[in-house]
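# Examination of the molecular architecture
The residues making up each chain are set out below.
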Amino acid sequence: HIITDENRFDNAMSMKDAFAIIEEWANLENVIFLYPDDFSFMRSKIWLSFYKLGRNRINDANMAACYAQNSISKIITAKPEDFEVFEIFTPISY
């Protein structure tokens, strides 16, 4: 979601371009879409409280909990510091 945020990136993508990339990825055989479940939702609530994260970090916590639930340990991201707080991931900057 942040790749379209002009406040965070000088060269933010348009929504049209971002959706085009999503469509491209959706058609790749090695891409798996992950969805939260009850356990990952509970984990995100625990992490929000434990790490004292505010409302601006709800999406990060939800994504991180879903990744953890699916045994993902490395995350390629534009903002590695957003995931360092969870202490179980190796965030990789792109």
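Residues take numbers from 1 onward in each chain, read along the sequence in its written order. In view of the model being predicted, local features appear only for residues whose pLDDT reaches at least 70, and side-chain atom pairs are presented and counted only at 80 or more, with totals across whole chains, interfaces and linings using the full set of residues. Water and hydrogen atoms play no part in the side-chain values, which are based on all heavy atoms of the structure.

### Quick word on the overall build of the protein
Regarding its fold elements, the protein presents four helices and two strands. A run of H or I in DSSP counts as a helix once it spans at least four residues, and a run of E counts as a strand once it spans at least two, with each numbered from the N terminus. Listing every helix and strand of the protein by position from the N terminus yields α-α-α-β-α-β. Dimensions of the protein, computed from C-alpha atoms along their principal axes, come out at roughly 35 × 35 × 20 Å. Out of the 94 residues belonging to the protein, those deemed buried represent 26%. Every residue pair with non-hydrogen atoms within 4.5 Å of one another is taken to be in contact. At a minimum sequence separation of 6, the contacts of the protein that also span at least 24 residues come to 35%. Only carbon and sulfur atoms are counted for the fraction: they give 54% of the accessible area of the protein, which is about 7200 Å². Each residue is assigned to one of three classes by its accessible area relative to the maximum for its type, calculated with a 1.4 Å probe on protein chains only: buried under 20%, partly exposed between the two thresholds, exposed over 50%. Using a 1.4 Å probe, accessible areas were evaluated by the Shrake-Rupley method; residue-level cover was limited to the displayed protein chains.

### So, the packing of aromatic side chains
Ring pairs are drawn from Phe, Tyr and Trp, using the six-membered ring of Trp, whenever the two centres fall within 6.5 Å, and their geometry is named by plane angle: stacked under 30 degrees, edge-to-face over 60, tilted for the rest. A full pass over the atoms with the stated rule returns seven aromatic pairs. With 6.5 Å between their ring centres and 85° between their planes, Phe 83 and Phe 89 make a pair best called edge-to-face. Relative to Phe 89, the ring of Phe 86 has its centre 6.5 Å away and its plane inclined at 85°; by these criteria the two rings are edge-to-face. Side by side, Phe 86 and Phe 89 carry an identical accessibility label, which is buried. Put simply, the rings of Trp 47, Phe 50, Tyr 51, Tyr 67, Phe 83, Phe 86 and Phe 89 pair up and form one aromatic cluster.

Read these as spatial facts, not as claims about activity.
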